[in-house]
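Next come the chains, spelled out residue by residue.
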Amino acid sequence: MRNVLFIVNKELRSSFNSPVALVTITIFTALIGYYFYNIFASFSTLSFQAQTNPVEAKQYGALNVTEFVIRPFFGIMSLVLLIMLPMLTMRSFAEEKKSGTMELLLTFPVRDIEAIMGKFFGCLALFFLMLALTFPCMALVAYFGEPEWGVIGAGYVGMVLLASAFIAMGLFMSSITENQIVAAILSFAALLVLYMIGYTAAYAGEWLNVILSYLSFTAHFESFAKGVIDTSDVNYYLLFVIFFLFLSMRSLESKRWRG
Amino acid sequence: MIEVEGLTKTYGEARGIDNISFHVERGEILGFLGPNGAGKTTTMRILTCFMPATGGKATVAGYDIFEESLKVRSRIGYLPETVPLYTDMQPPSYLAFVAGLKGLPYRRIKPRVEEVMEQVGLTHMAHKYIGELSKGYRQRVGLAQALINDPEVLILDEPTIGLDPKQIVEIRSLIKGLGGERTIILSSHILPEVSMVCERLIIIDEGKVKAMDTTANLLKGMGTAVRVEARIGGPADEVEKELGALAGVRVVTRTAPSNGELAARYLVEFANGDGGGHLISRLAARHAWDLYELIPAKLTLEDIFIKVVTKEEGVAS
Ligand SMILES: Nc1ncnc2c1ncn2[C@@H]1O[C@H](COP(=O)(O)OP(=O)(O)O)[C@@H](O)[C@H]1O
Ligand SMILES: [Mg+2]
């Protein structure tokens, strides 16, 4: 545990000295801010029109800030994370292998699992910072309307789980190559496949459909966006994280064997 | 302190090291000598638990490197050949990170970092990023991280490679001062370095131990063989032939006269005894050749090294 904390601390220090992490966080925040501005502005226009024009109001049904702002907000965020998180995770092991610092790290009295947990929580800590930068959006919603805090809370919990899964995948990809760019592309591709199979599942055969939808990120994210924290979805993400952290560990071990 | 028995490592089909055995006593400074590709780095990487051996066994500080690798790793300091450091950190925070991972108690970390930075002469570089430091100072950071846990065993892989002469002298004297209670293994392909720093040498080549003895003994063993350098004016081919026919001569090497000189140089190696300087002078007198120079020279460590690794007879392995 102590070792994990030391590695997390070091990862954060390194990240703030590296342009990659800063650029990633900045772009993430800018994109989220931009999308939020768009959704929120069109929502305000709609609700303003609804107040002045009862006919139109009927057409849209009850104008609901959860439906029109919060849910799309998290939907967009999940997509932006899918693109941005591989850039946070790509350097984790790839860079250490390329620069040779892995040789020292692995000869310190640190268990492989501790090294991996350190990297994982290091990335997760950066992600929390990104997430915190989106809080002002929700504050704005609360200022102008009356959002359902339960949905917002569930949405953020879902985001943390989703990001954990993205990070675990990214760490694994970073552990199998020395090239950061390759690591980023591989994890982006793998995540995209898992993101999209939910859509293709509908066209697959019946039992395949069930498997594909189970594997898909999207299916497991929907309930969070509705404000429900379903244990089976939580389990899905936790299993996903454990599975890929385990694979990363095996990959580190095999590095030792092959030298 | 270190016991190595039959250590073997193959990289797929390729040879790494082959059946290496040796032991190092507590407080000893052992030199690991061999040309590039001999297997020095491979041996050190196995001893530091970076990678496992294909065969054989080894204990460091009383612990088996395979079974109790965490215990071994917390008792060693290792400086890899490439000195891999995090370039985006400053020395104090990097050293604090290593100190933490090596298990120093929280309150000991800061004072220990300052102590070690002082010891290796890094204090005035504290505010720089490691990536901005010169190779010599990076080497010091590397040494500092190896020393931070005050390890019983220090393993240094070619610690002066790539440094300029001034830095080499500085790092060498630093390493010399690290001995005492501590056991040190130091690898190098530079002979004066190990002979200056180490009490005992292991010469390895092509993955095998070729010779192992105290530095003094290795020199003594060769002391009987004597080389004489002679500059003789005369018909070169005949001179060479006659020199080769002298009693006890093993090899004669001829060097053409350099600019402005009239006579060629001959390097004559006698198997043992006092050498044959007197034989050469008599030979020259007999043939009325001009003897310009006659310089006896004892074999140096370089010669031993070349002999051992070129597999000439003369040094028992
Ligand atoms: N990772 C590796 N993969 C394949 N062969 C290697 C690897 N590392 C070293 N070798 C081979 O093992 C032998 C010993 O290398 P090394 O231990 O690095 O020698 P030294 O450090 O004495 O120069 C060399 O022939 C080298 O080519
Ligand atoms: Mg080497």
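Above this text is the structure in question.
So, a few notes on the structure that sits alongside this text. (Residues numbered from 1 in each chain as written. Chains lettered and ligands numbered in written order. Predicted model: local features only at pLDDT ≥ 70, side-chain atom pairs only at ≥ 80, totals over all residues. Heavy atoms only, no water.)

### A word on the overall build of chain B
Counting its regular elements, chain B contains 11 helices and 14 strands. In chain B, which comprises 317 residues, the share counted as buried stands at 50%. For chain B, restricting intrachain contacts to residue pairs at least 6 apart in sequence, the fraction spanning at least 24 positions comes to 68%. For chain B, the exposed area adds up to about 14,000 Å²; of that, 51% sits on carbon and sulfur atoms. (Helix = DSSP H or I, 4+ residues; strand = E, 2+ residues; numbered from the N terminus. Buried < 20%, exposed > 50% of the residue type's maximum accessible area, 1.4 Å probe, protein only. Contact = heavy atoms within 4.5 Å. Areas by Shrake-Rupley, 256 points an atom, 1.4 Å probe, with all protein chains shown as cover.)

### Considering the overall build of chain A
When helices and strands are counted, chain A shows 13 helices and zero strands. A burial count over chain A gives 50% of its 259 residues as buried. Counted over contacts in chain A with a minimum sequence separation of 6, partners at least 24 positions apart contribute 76%. Summing over all exposed atoms, chain A offers an accessible surface of approximately 12,100 Å²; the carbon and sulfur share of this is 70%. Measuring between centres, the 15 positive side-chain charges of chain A sit 10 Å from its 16 negative side-chain charges. (Lys, Arg positive; Asp, Glu negative; His and termini not counted. Charge placed at Lys NZ, Arg CZ, Asp CG, Glu CD.)

### Concerning helix α5 (residues 91-99) of chain A
Regarding α5 of chain A, the residues found buried are Arg91, Ser92, Phe93, Ala94, Glu96 and Lys97 of chain A. Where α5 of chain A terminates, the next one or two residues include Gly100 of chain A, which has phi positive at roughly 90°.

### What about the coordination of the magnesium ion (ligand 2)?
Residue and element names in this part refer to chain B. The magnesium ion (ligand 2) binds to the protein through Thr41 (OG1) and Glu81 (OE); the donor distances cover 1.9 to 2.3 Å. Of this pair, Thr41 sits in helix α1 (residues 40-47) while Glu81 sits in the loop between β6 (76-79) and α3 (91-101), placing them 40 residues apart in sequence. Judged by relative accessible area, which is 25%, Glu81 ranks as partly exposed. (Donors = N, O, S within 2.8 Å, 3.2 Å for Na, K, Ca; no water.)

### Structural notes on the sheet that holds strand β4 (residues 55-60) of chain B
Paired through backbone hydrogen bonds, the strands of a sheet run either parallel or antiparallel to each other. Residue and element names in this part refer to chain B. With antiparallel pairing, the four strands of this open sheet are ordered in space as β2-β1-β4-β5. Looking at the sheet topology across the chains shown, the edges are occupied by β2 (14-24) and β5 (63-64). Sheet topology note: the strand β1 (residues 2-11)/β2 ladder contains seven bridges and is antiparallel. Its bridge partner lying in β2, Thr10 is registered against Arg15. (Pairing = 2+ DSSP bridges.)

### Overview of the site of ligand 1
If you check the shell around ligand 1, you find 12 residues, and the closest are Gly37, Gly39, Lys40, Thr41 and Thr42 of chain B. Around ligand 1, the nearby residues trace back to chains A and B. The separation between a nitrogen atom of ligand 1 and a polar side-chain atom of Tyr11 of chain B is 3.3 Å. Ala38 of chain B places a main-chain nitrogen or oxygen 3.2 Å from an oxygen atom of ligand 1. Of all elements in the fold, only β2 and α1 of chain B reach the threshold of two or more residues within the shell around ligand 1. Broken down by element, the residue count for the shell around ligand 1 peaks at three residues, all from α1 of chain B. The residue inventory of the shell around ligand 1, partitioned by class, reads three nonpolar, seven polar and two charged. (Near = heavy atom within 4 Å. Polar contact = N/O pair within 3.5 Å; in protein donor to acceptor, adjacent residues only side chain to side chain. Nonpolar A, V, L, I, M, F, W, Y, C, P; charged D, E, K, R; others polar.)

### Description of the sheet that holds strand β9 (residues 200-205) of chain B
Residue and element names in this part refer to chain B. Strand order across the open sheet formed by six strands is β6-β7-β8-β3-β9-β10, with mixed pairing between neighbours. Strands with a single pairing partner mark the edges of an open sheet, and in this sheet they are β6 and β10 (208-214). The average angle at which neighbouring strand axes cross in this sheet is 15°, direction not considered. Bridge count for β9 against β10 is six bridges, and the pairing is antiparallel. Looking across to β10, one finds that Asp205 is bridged to Lys208. Across the face of the sheet, α1 comes into contact with β3 (29-33), β6, β7 (153-157), β8 (183-188) and β9 while running at roughly 150° to β8. (Axes fitted to C-alpha atoms, helices over the stretch in contact; angles between N-to-C directions.)

### Side note on the environment of Gln145 of chain B
Relative to the assigned elements, Gln145 of chain B resides in helix α5 (residues 135-147). It is 8.4 Å that separates the C-alpha atoms of Gln145 of chain B and Val116 of chain B, two residues lying 29 residues apart in sequence. With residues up to four places along the chain from it excluded, the contact list for Gln145 of chain B reads Leu104 and Phe108 of chain A together with Tyr78, Leu79, Tyr94, Leu95, Val98 and Lys102 of chain B.

### Describing the interface of chain B and chain A
As a measure of interface size, the accessible area lost when the parts come together is often cited. Residue-level contacts link 34 residues of chain B with 27 residues of chain A. Seen at the junction of chain B and chain A, the total is two salt bridges. In this assembly, chain B and chain A are joined by 12 residue pairs in polar contact (both at pLDDT 80 or more). Elements with a contribution of two residues or more to the side of chain B that touches chain A: β1, α2 (69-73), α3 and α4 (106-119) of chain B. Among the elements that line the side of chain B that touches chain A, the one with the most residues is α3 of chain B, at eight residues. Split by residue class, the side of chain B that touches chain A holds 23 nonpolar, six polar and five charged. (Salt bridge = Lys/Arg side-chain N within 4 Å of Asp/Glu carboxyl O.)

### Observations regarding the packing of aromatic side chains
According to the stated counting rule, one finds 19 aromatic pairs over all chains in the structure shown. Their ring planes at 45° and their centres at 6.1 Å tell us that Phe127 of chain A and Phe128 of chain A sit as a pair that is tilted. The class for Phe127 of chain A is buried, based on a relative accessible area of 0%. Considering the side-chain rings of Phe221 of chain A and Phe224 of chain A, the 6.3 Å spacing of their centres and the 35° angle between planes classify their relative orientation as tilted. Within this pair, Phe221 of chain A and its partner Phe224 of chain A are both found in helix α12 (residues 217-225), separated by three residues, close to a single helical turn. On the accessibility criterion, Phe224 of chain A (0% relative accessible area) is buried. Three or more aromatic residues link up through ring pairs in this structure, and these residues are Phe172, Phe221, Phe224, Tyr236, Tyr237, Phe240, Phe243 and Phe244 of chain A. The ring of Phe97 of chain B carries Lys10 of chain A above its face, with NZ or CZ at 5.9 Å from the centroid. (Phe/Tyr/Trp six-rings, centres within 6.5 Å; stacked < 30°, edge-to-face > 60°. Lys NZ or Arg CZ within 6 Å of the ring centre and 35° of its normal.)

### Some details on the packing of helix α1 (residues 2-17) of chain A against helix α7 (residues 112-132) of chain A
The description of two packed helices rests on the angle between their axes and on the distance between the axes. Residue and element names in this part refer to chain A. Look at α1 against α7: their axes get within 8 Å of each other, and the N-to-C directions meet at 50°. Taken together, the axes of α1 and α7 lie oblique to each other. The handedness of the crossing between α1 and α7 is right-handed. Two secondary-structure elements touch here, α1 through Asn3, Val4, Ile7, Val8, Lys10, Glu11, Leu12, Ser15 and Phe16 and α7 through Glu114, Ala115, Met117, Gly118, Lys119, Phe121, Gly122, Ala125, Leu126 and Leu129. (Parallel < 35°, antiparallel > 145°, perpendicular 65-115°, else oblique. Left-handed = near helix turned anticlockwise from the far one by under 90°.)

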